[in-house]
Each structure stands twice: as structure tokens, then as C-alpha cells.
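Each chain, letter by letter, is given below.
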Amino acid sequence: MRMGTRIAPTPGRHRFGKNGIGPWLVVPAIALLLIFVIWPLIRTVQLSTYTSDLLGNPTRFVGFDNYIALFSSPDFIRTVFVTIVIALLGMAMATTTAVCAALLLRSRLLGGRVFSIVFSLPFAYSAASASVVFAGLFAPSVGILNVILGYFGVDGPDWLTNPFSAIWAIAIATAWYEFGFAFLVMTAAVRGLAPEVIEAAQLDGAGGLRLAWRVLIPLMRPSILFLTVTQTISGLQTFAQIQVLTKGGPAGSTTTFVYRLYQLAFGNGVPDFGRASVIAIVLVLLVTLITWIQFRLFGREKTS
Amino acid sequence: MSALQLDSLSSSAADSARHRKRVRLPRPGSIVRFFVVLIIAAIIFLPIYVSFVSAFTPNGSFIRQGLFPSLADFTLKNFDTAFNAIPIVQQYLVSIGVVTLQTAAQIVTGALAAYALVFPKWRGRGVAFALVLVTLAIPGEAIVIPNYELVSGIGLRNTILAVAIPFLAAGYPIFLMRQAFAAVPFEIWEAAKLDGSGDIRTLFSIIMPACKPQVTTAIMWSALAAWNGFFWPLLITDTADSRTIQVGISQLAASDAANPAVIFAGAVLVVIPTIILVIVAQRFLVNGLARGALR
């Protein structure tokens, strides 16, 4: 009986051809991605060329009017500038510190295991929860951070009320929370280095800083590149830090792409899905461009 | 010629002597290294230290008492205030629900898709995989408006399902598992097929167990992404009881009633599960999550 069922193909299996149901297993994932990623992207392109009514429904096709209106407004230019500055500052601080920390812990060190865990702790924080911590640190009335800076003789600014220091405050909070993942990735990269190469370099007399700068960092280049790209992309999507710390202020000086999108589409005013969608498209194009550059650079890394 | 040989011989002897010395004695270099690491660690740890100590001491204790407030000031009052300001237990349950639903769905749909993309040969397989790769490059924040229209349009606002629904499938876990499955010898799949094992059974009892480390990485990625979600949960919920803990805590920080000590108490509560994860599984995070990201 069991033999019989095994040899004779079941009618159900026959209907799906020699592959059985195999190929059909892709359907749930692809369907969900089409509904919740691909279609919304197409719809966003469409919305960006329409004006909307009081409820945000598209009303009239206006071509590139929304684009022109946004690109010609000084506020938007500042948003582009602010977003890129925050993304690059956060990325640069997090990556540099993570490369240093991972390299310093490469060989045995007193308490090395404890230090590794301490350096990984920011990974436990989301952008939102890290921002909440920094909200307490930067709080104007109590200013714990400034009190601590005072111990070292540093007179800290009123972080969130001055446009210049507010951008730094956002970048510092961003860098701190990005550092956790950056450290994990850089530690994995350092562990992946071939020990023979390092030993050969050490026998050649390279040690300490020279070994790190001339040998290890060049070997880690692909990983460092990966990290700078992913962190720049995540920095371009900065939102929680703004929502929790500054609400885009003071006077719009920390308004990023996603925060502007949020204000336009979901803020207190009349929803403007058209212009919000233009910002979304700009974000998609920027991220696609960076991803494309990454692929080009990675391709070159592999062939060289 | 011989002098040259001798020279190189003696220099390599000196090298190995230096090498031995390095192993035995702590060099001045490693003492410097220790203090540099200590300073970086102090800076990284500072926000965590301040938030934990502040959460358990009365507001303003840092200003009155310096970096090390006295243990006698220990209090749970800040947590009491936080618990009264927002429904923290309820929001924790919402977050746990979202994490469970989102992770389970992403792993099941992802494993099924990865299986279909690796083992059976069919037309359109390349196109399907290309589509998955394309979704990896689309920032989630950029497509919230249509998703918002859709999900509120079907009346799901303020539910766990609404928070999870756009993420029941995700590109990255599909990609991770596809790469892992592709490394499984094809003969294993063929042998299972010849044995009469159906696709579903082959996937869940043969292929997935063979790729345990990568599947674990995918689960951890999905769970962390679900737990850390902020923008979408903020948009699609507007009652305190339906919010995730991440959104709830951020609202606590924004409310005028909360002083920094209460905000810190909230920050402590939201981060405890992931802090434990990092302390317990730091090695796995490096070897699984971080190494997986590099591939």
C-alpha cells in the first residue's frame, strides 16, 4: 500500500508538473512584496504628480509641479543639506570609532571581553530608544551632559535650542546608536583577517599604528565600505531622533527628508501627499544611487 | 654573499627574540592601548550609565552629587511615574505581539520563497529573485503613504496586525536564506525527493535544519527589526493602548509631565530585553548577524 502511493503520482502533484508545488512556494512572499513594497512605490510616483484634496486624496494631475515647487523652495534645499550633513556626520563618527575600537581589541587585552560587550551595548538601542536617552542627556532644564562636560572644564552649549549645536546633537545621538552595529561588523571584519598576512607583516617589523594603517585597514576596506554605505543610507532616513529630540527645530534647522515627509503628509496641517511623495521619490533615488555606487565599487574590489 | 646570508640570519634571530619578548612582557604599547580603549569605552558607556543611574535616583541627583550619586538615594519612584503616565505593560504586550507575528511570518514566507528560488527549476525564477533584490534597495520610510492609505482604508488602524502587515515578508531574510540554501548540496534535495518527501517536508525537516546558523541569523534580524520599528507604528496607531513600546516611550519623552529621570526610567524599560540579548549573545551577534551582513 505504501509502495503503491509512493510510485503512483498523486493527482495533485501531477497537476503542478514535474516540479510539484515547489515553484508556487514563492507566491506568498512575492505577493506580499508586490502589495506592500512595489505597488506603494508606483503609487508614490503617481501621487507625486497630483495635487490632493483636504483628505489627501489625489485630485488633479499636475505633472512636475510638485517637484518644481519643492526644488525651488529654500526650505527644501536646507532639508537636503541638513539630511546629508546628519547622515555623513553620524556615519563618519560611528565608523571611525568602530574601526579604532575593533582594531584596538584585535589582540589580547586586559578586560578585552568586557570591553567588547560594552562596545556592543549601543546595538541594544533603537533609533527611538537612543533618542529618548539623549533627550534626557540634552534636556535644557537639567542638562546632565553639560554638567558632566563641566567636570572636564568644557562649557557645553544649550544643545537643542541653537541650530548649529542641534545638528551636532542629532548627529551625536545618531553616531552613538549606529556605533553598536558598526562595532559588531568591524569586529567580524577584524576576525576575518588572515592571521598569516598579519604575522608576515609583523615579521617585517610592522607593529602598532603602522600595522593598522598600512596592513589591516587596507585589508578591511570592503567591510569598511559596506559599513559607510549602509550607515549613510540609514542616516538619510533619520526620523526618530528628530521626532524625539527637536521636532525639526529650532526654526527648521534639523528638518530631515523623512521628518519633512512626516510633516507634509501626517502633520497638523492639511495633508499634502503630493509634495510628501516628491520627498519620498528623492529619497528612493538617493538610496538607489548610493546602492548602485556600492555595487560598482564592490565589483571592482572583487576583480582587483 | 655569505655575509649577506649571515646578516639576514642574525636579523631574523633578532626578530624572533623580539617576538618572544612581546609574548612574555606587557609592552608599554599595550598599556597605552588599554587606556585608549578605556577612554572610548567610558564615552560609549556614559549614556547608558547616566540613564540607568538616573532612572533609580531622584531627578537631578547628578547635578547635586556629581558622577556617583549615593546608593542611599535609590528609588523606584521614577518607574512608578512612568507606569502611571503611559500603559507600559500593555505597550510591551503589543510589541511582543508585533515581534512574534512579524518574525514568524517573515521566516515562513522567506523560507518558502528561498526554497522555491533555489531548488526547483522554473521559468521566472531569475525575475522573482531580482524582484526580491530590488525591494532591498527601497527605503521603507519612502513608501508609507500608500501603505497608510491601504491599511487604514481596510479599517485596521490601532491593531497589532496593522503594525505588522506591511512587513509579513521582507527582502533581507529571503536573501539570507536563499544564499544559505544555495550552499546546501543539490544531491541532498534530490535524495529527499527520491525518498518521496514533499517540498514542505523537505524544506522544514531537511533544508532548514541544515542551515541552522543562517536561519537563526534571519530570525534575529527579523525580530530586532520588528522590535525596533518606529516610523510605521507611529503612523498607524494613535491610541496609547495600541502603541508599541518604542512609540510609547518616545511619547513619554515628549510629554511635559516627564522629567529627565522619568524619561530615563522609560529608556531603561524599553531596552532591557535587547541589553540582555547583547550581553548573552555578543559572540553570536558578531559571528552571525555581523558576519552575515558582510557576505
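Preceding block: the structure.
Residues numbered from 1 in each chain as written. Chains lettered and ligands numbered in written order. Predicted model: local features only at pLDDT ≥ 70, side-chain atom pairs only at ≥ 80, totals over all residues.

**Structural notes on the overall build of chain A**
Helix and strand counts for chain A stand at 15 helices and 2 strands. Out of the 304 residues in chain A, the part that is buried amounts to 43%. Considering only intrachain contacts with a sequence separation of at least 6, the fraction spanning at least 24 residues in chain A is 69%. (Helix = DSSP H or I, 4+ residues; strand = E, 2+ residues; numbered from the N terminus. Buried ≥ 20, exposed ≤ 12 C-beta atoms within 10 Å, placed from the backbone. Contact = placed C-beta atoms within 7 Å.)

**A look at the interface of chain A and chain B**
If you look at the interface, chain A gives 84 residues, while chain B gives 79 residues. Of the residues assigned to the side of chain A that touches chain B, the class counts are 63 nonpolar, 19 polar and 2 charged. (Nonpolar A, V, L, I, M, F, W, Y, C, P; charged D, E, K, R; others polar.)

**As for unusual backbone geometry**
Non-glycine residue Ala 251 of chain A carries a positive phi angle of around 50°. Turning to its location among the elements, Ala 251 of chain A is positioned in the loop between α13 (240–245) and α14 (257–266). Not every positive phi belongs to a glycine, and Asn 158 of chain B is a case in point at roughly 65°. Note on placement: Asn 158 of chain B falls in the loop between α7 (144–153) and α8 (160–164). Overall, the presence of 16 C-beta atoms within 10 Å leaves Asn 158 of chain B in the partly exposed class.

**Let's talk about the packing of helix α7 (residues 127–138) of chain A against helix α15 (residues 260–294) of chain B**
In the contact formed by α7 of chain A and α15 of chain B, the axes pass within 9 Å of each other and the chain directions differ by 160°. In this view, α7 of chain A runs roughly antiparallel relative to α15 of chain B, as classed from their interaxial angle. Relative to α15 of chain B, α7 of chain A is oriented so that their crossing is left-handed. Contacts between α7 of chain A and α15 of chain B involve Ser 129, Val 132, Val 133, Ala 135 and Gly 136 of chain A from the first element and Pro 260, Ile 263, Phe 264, Gly 266, Ala 267, Val 270 and Val 271 of chain B from the second. Its residues assigned to classes, the contact of α7 of chain A with α15 of chain B shows 9 nonpolar, 3 polar and no charged. (Axes fitted to C-alpha atoms, helices over the stretch in contact; angles between N-to-C directions. Parallel < 35°, antiparallel > 145°, perpendicular 65-115°, else oblique. Left-handed = near helix turned anticlockwise from the far one by under 90°.)

**Some points on the packing of helix α5 (residues 74–104) of chain A against helix α12 (residues 221–236) of chain A**
Residues and elements named next belong to chain A. Where α5 meets α12, the closest approach of the two axes is 8 Å, and the angle between their N-to-C directions is 145°. Between α5 and α12 lies a crossing of right-handed hand. Contacts between α5 and α12 pair Thr 83, Ile 86, Ala 87, Leu 88, Gly 90, Met 91, Ala 94, Thr 95 and Val 99 from the former with Ile 224, Leu 227, Thr 228, Gln 231, Thr 232, Gly 235 and Leu 236 from the latter. Partitioning the contact of α5 with α12 into residue classes produces 9 nonpolar, 7 polar and no charged.

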